[in-house]
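Inside the fold
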Amino acid sequence: MAAYSKRHYGIDSWRLVDPHVIVEHYTAGESFASAYSTFAADVPDSELHELPGVCAHFIVDKDGTIYQLVPLTTMCRHTVGLNYTAIGIEHVGTSDAEILANPRQLAASLRLTVWLMHRFGIQLRNVIGHNESLTSPYHRELYAPWRCQTHGDWSHADMEVYRAKLAALARRYAVALGPPARPVTPRC
Ligand SMILES: [Zn+2]
């Protein structure tokens, strides 16, 4: 991870220090076991053949069980351009809508995310979907061919629904939300 971080961010370290962003994902599969084995396989990517393989700090299963896979002091490779400062949360499922429609999974996800906001002082506007990665003010990528790379999981529209629910939960526990989002134009 230190070698990846050096190549893509110019940071010669695998340590996640003072994270500013939380990225929500879904696994595009229907079970925790398949998500776990994908991460455990630790397969290099097909383009640069780099390790570590893809990973996430947490997986939220359909029944609301939260699994932590990686310590919050370690960078994880889940979002091109943001891994140096982002905590990754995967959800077992094949669409944003499926997770938004599952009350147990959604409640667990929101509680985990609001706790992370509180723990690290992460602002609501920096809780994003993977598909919003290119418009994050924290996005940076030294390897030019990947500068515009993102994924389809968690669209802006669905994240607006997610963030509204998150804001309501944060207010209930007096967790600071921070200022409103400012528009960022992707450098693509
Ligand atoms: Zn993703």
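Predicted, not measured: the structure shown is a model, and the values here were computed from it. (Residues numbered from 1 in each chain as written. Predicted model: local features only at pLDDT ≥ 70, side-chain atom pairs only at ≥ 80, totals over all residues. Heavy atoms only, no water.)

**Points about the packing of aromatic side chains**
In plain terms, the rule: Working definition: rings of Phe, Tyr and Trp (its six-membered ring) pair if their centres are within 6.5 Å, and the pair is stacked with planes under 30 degrees apart, edge-to-face with planes over 60 apart, and tilted otherwise. Strands here are runs of E lasting at least two residues and helices are runs of H or I lasting at least four, both read from the DSSP assignment and numbered beginning at the N terminus. Relative accessibility thresholds used throughout: buried, under 20% of the residue-type maximum; exposed, over 50%; partly exposed, between the two (1.4 Å probe, protein chains only). Throughout this description, the term charge over a ring refers to an Arg CZ or Lys NZ atom that lies within 6 Å of the ring centre and within 35 degrees of the ring normal.
Overall, the coordinates contain 6 aromatic pairs when judged by the stated rule. Look at Phe-32 and Tyr-36: their rings are 5.9 Å apart centre to centre, the planes differ by 45°, and that puts the pair in the tilted class. Here Phe-32 pairs with Tyr-36, and both are found in helix H2 (residues 32-41), just 4 residues apart, close to one helical turn. By relative accessible area, Phe-32 is classed as buried at 17%. Between Trp-154 and Tyr-162 the ring centres are 5.5 Å apart and the planes differ by 70°, which places this aromatic pair in the edge-to-face class. Taking relative accessible area as the criterion, Trp-154 reaches 0% and is therefore assigned buried. Joined through ring pairs, the aromatic side chains of Tyr-4, Tyr-9 and Tyr-84 make up one cluster. Against the face of Tyr-143 rests Arg-7, its NZ or CZ located 5.8 Å from the ring centre.

**A few points about unusual backbone geometry**
Residue Pro-52 follows Leu-51 across a cis peptide bond; omega there is 0°. Topologically, Pro-52 is positioned in the loop between H2 and strand S2 (58-60). Look at Asp-42: it is not a glycine, yet its phi comes out positive at around 55°. Within the fold, Asp-42 resides in the loop between H2 and S2.

**What about the state of the cysteines?**
Quick note on the threshold: Throughout, a disulfide means two cysteine sulfur atoms within 2.5 Å of one another.
Scanning all chains against the criterion turns up 1 disulfide. Disulfide partner of Cys-55: Cys-76, at an S-S distance of 1.7 Å. On the criterion of sequence distance, the pair formed by Cys-55 in the loop between H2 and S2 and Cys-76 in the loop between strand S3 (66-68) and strand S4 (86-91) is long-range, its members being 21 residues apart. By the burial criterion, Cys-55 is buried, and Cys-76 matches it.

**Notes on helix H5 (residues 156-172)**
For clarity, the threshold we go by: In this scheme, a helix's expected span is set at 1.5 Å multiplied by one less than its residue total. Comment: arc refers to directions from the helix axis out to C-beta atoms. When checking whether two residues touch, look at their non-hydrogen atoms; a contact exists if any pair is within 4.5 Å.
The first and last C-alpha atoms of H5 sit 24 Å apart over 17 residues, in line with the 24 Å expected at 1.5 Å per residue. Along H5, the positions that sit buried rather than exposed are Met-159, Tyr-162, Arg-163, Leu-166, Ala-167, Leu-169 and Ala-170. Across the axial projection of H5, the buried residues extend over an arc of 165°, all falling on one side. Set apart from the buried face of H5 by more than 90 degrees, the exposed residues are Ala-157, Arg-171 and Arg-172. Along its buried surface, H5 packs onto strand S1 (21-24), helix H4 (103-120) and strand S5 (127-129). After H5 finishes, the residue Ala-174 shows a positive phi value of roughly 55°.

**Comments concerning the sheet that holds S2**
Put simply, the rule reads: Between any two strands, pairing holds if DSSP finds at least two bridges. Under this scheme, a helix contributes an axis fitted over its contacting stretch, all axes are lines through C-alpha atoms, and angles between N-to-C directions fall in the 0 to 180 degree range.
Taken in spatial order, the 5 strands make up an open sheet running S3-S2-S4-S1-S5, and their pairing is mixed. Only two strands of the sheet have a single neighbouring strand rather than two, namely S3 and S5. Across the sheet, the mean angle separating the axes of adjacent strands is 25° when strand polarity is ignored. Pairing geometry for S2 and S3, over 3 bridges, is antiparallel. Following the sheet pairing, Ile-59 is matched in S3 by Tyr-67. Relative to the sheet, H4 contacts S1, S2, S3, S4 and S5, its axis offset from that of S4 by approximately 170°. Sheet contacts for H5: S1 and S5; angle to S5, the most-contacted strand, approximately 155°.

**Focus on the pattern of salt bridges**
For the record, the criterion: Whenever a carboxyl oxygen of Asp or Glu lies within 4 Å of a side-chain nitrogen of Lys or Arg, that contact is scored as a salt bridge.
Inspection of every chain in the model, using the stated rule, returns 6 salt bridges. For the salt bridge of Arg-163 with Glu-132, the shortest nitrogen-to-oxygen distance reads 2.9 Å. Placement of Arg-163 in helix H5 and of Glu-132 in the loop between S5 and H5 is noted, with a sequence separation of 31 residues between them. Under the relative-accessibility criterion, Arg-163 is labelled buried at 9%. One salt bridge in this structure joins Arg-163 and Glu-160, with 2.9 Å as the shortest N-O distance. Here Arg-163 pairs with Glu-160, and both are found in helix H5, just 3 residues apart, close to one helical turn. Via salt bridges that share partners, Glu-30, Lys-62 and Glu-98 belong to a single interconnected network.

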